[in-house]
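Per-entry structural report
Letter by letter, the chains look like this.
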Amino acid sequence: MSGVRKGLAKVEIALRWDPSPAGAPAHDLDIVAAVYGAADPHGRPAYLVHFGSRSPDGTIALNRDSHTGLGLGFDEVMTIELDRMAEELRRVVVGVVIQAGSTTFADVAGKGFRVREGYTDLAQGDFADVPDSTAATVAEFTRDDSGAWSLDTAVRGFDTDPEEFARVMGAPRG
């Protein structure tokens, strides 16, 4: 799943998963957004947004955070207001990380994500292409020289802990 749609303004990334079986440790999946400036678009993020945080300028917020997957529909929701971001911010990479040590996407039932602008679904996925990964990027937003934002929805898996994922999720694709 990959594609480009230009001229995006305000998008929502939503994540769902089913609770762990009775007696098993809870699965805790988290949405993470890394924001990069024009000077270092694949290096160190200008800032990260994840559970318990928001962007310094208020353009990215985690509106719903679940630690267990309990509930109906999507368990975590992040809103990104691309049209309000400072001009020097040129790239936003959004990923999902599993908080439990060696748990992979294959271990989590009912998982899926959606990228939406307004009522239009731009992308959906279920991590089927990265079953042995503990984290994955699900969306990459880039701003061109005219200021228009575009979306690439290629899912890329990682086998790393949450802290390392935050450092490598924006690296160039190899």
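Residues numbered from 1 in each chain as written. Predicted model: local features only at pLDDT ≥ 70, side-chain atom pairs only at ≥ 80, totals over all residues. Heavy atoms only, no water.

Overview of the overall build of the protein
Each helix and strand in the protein was counted, giving 1 helix and 11 strands. Mapped in sequence order, the helices and strands of the protein form the string β-β-β-β-β-β-β-β-β-β-β-α. The buried share of the protein, taken over its 174 residues, is 50%. Relative to all contacts within the protein whose residues are 6 or more apart in sequence, the contacts with residues 24 or more apart total 68%. (Helix = DSSP H or I, 4+ residues; strand = E, 2+ residues; numbered from the N terminus. Buried < 20%, exposed > 50% of the residue type's maximum accessible area, 1.4 Å probe, protein only. Contact = heavy atoms within 4.5 Å.)

A short note on the pairing of strand E8 (residues 120–125)
Relative to E8, strand E7 (residues 112–117) runs antiparallel, the two being bridged by 5 bridges. By the bridge assignment for E8, Arg116 is matched with Asp121. From the end of E7 to the start of E8, which pair antiparallel, there are 2 residues, and Gly118 there has a positive phi angle of about 60°. (Pairing = 2+ DSSP bridges.)

Looking at the environment of Ala100
Counting through the fold element by element, Ala100 comes out in the loop between strand E6 (89–98) and E7. In the structure, Ala100 is positioned 71 residues away from Leu29 in sequence and 8.5 Å away in space, judged by C-alpha atoms.

Remarks on the nonpolar core
Residues Ile80, Met85, Val92, Val94 and Phe141 are the most contacted members of the largest nonpolar core, which totals 36 residues. Among the elements that line this core, the one with the most residues is E6, at 5 residues. Apart from the residues within four sequence positions on either side, Met85 is in contact with Val35, Tyr47, Asp57, Thr59, Ile60, Ile80, Val92, Arg143 and Trp149. (Core = buried A, V, L, I, M, F, W, Y, C linked by side-chain atoms within 4.5 Å.)

Here we look at the side chain of Thr79
Within the secondary structure, Thr79 is located in strand E5 (residues 76–81). The exposure class of Thr79 is buried, given its relative accessible area of 15%. The residues touching Thr79, leaving out its near neighbours within four places in the chain, are Lys10, Val11, Thr59, Ile60, Ala61 and Asn63.

Here we look at the packing of aromatic side chains
Enumeration according to the criterion identifies 3 aromatic pairs in this entry. When the centroid spacing of 5.3 Å and the interplanar angle of 55° are considered together, the rings of Phe113 and Phe127 count as tilted. Taken together, the positions of Phe113 in strand E7 and Phe127 in the loop between E8 and strand E9 (135–143) put the pair 14 residues apart, joining distant regions of the chain. The two residues Phe113 and Phe127 agree in class, both being buried. Feature note: the residues Phe105, Phe113 and Phe127 constitute an aromatic cluster, connected by ring pairs. One cation-aromatic arrangement involves Arg91 over Tyr36; the distance from NZ or CZ to the ring centre is 5.1 Å. (Phe/Tyr/Trp six-rings, centres within 6.5 Å; stacked < 30°, edge-to-face > 60°. Lys NZ or Arg CZ within 6 Å of the ring centre and 35° of its normal.)

Comments concerning the pattern of salt bridges
Summed over all chains, the structure comprises 7 salt bridges. Between Glu140 and Arg91 there is a salt bridge, and its shortest N-O distance comes to 3.0 Å. Remark: Arg91 occurs in strand E6 and Glu140 occurs in strand E9; sequence separation between them is 49 residues. Taking the relative accessible area as the measure of exposure, Glu140 reaches 14% and is therefore buried. For Arg91, a relative accessible area of 4% translates into the label buried. Among the ionic pairs, Asp121 bridges to Arg116, the shortest N-O distance being 2.8 Å. (Salt bridge = Lys/Arg side-chain N within 4 Å of Asp/Glu carboxyl O.)

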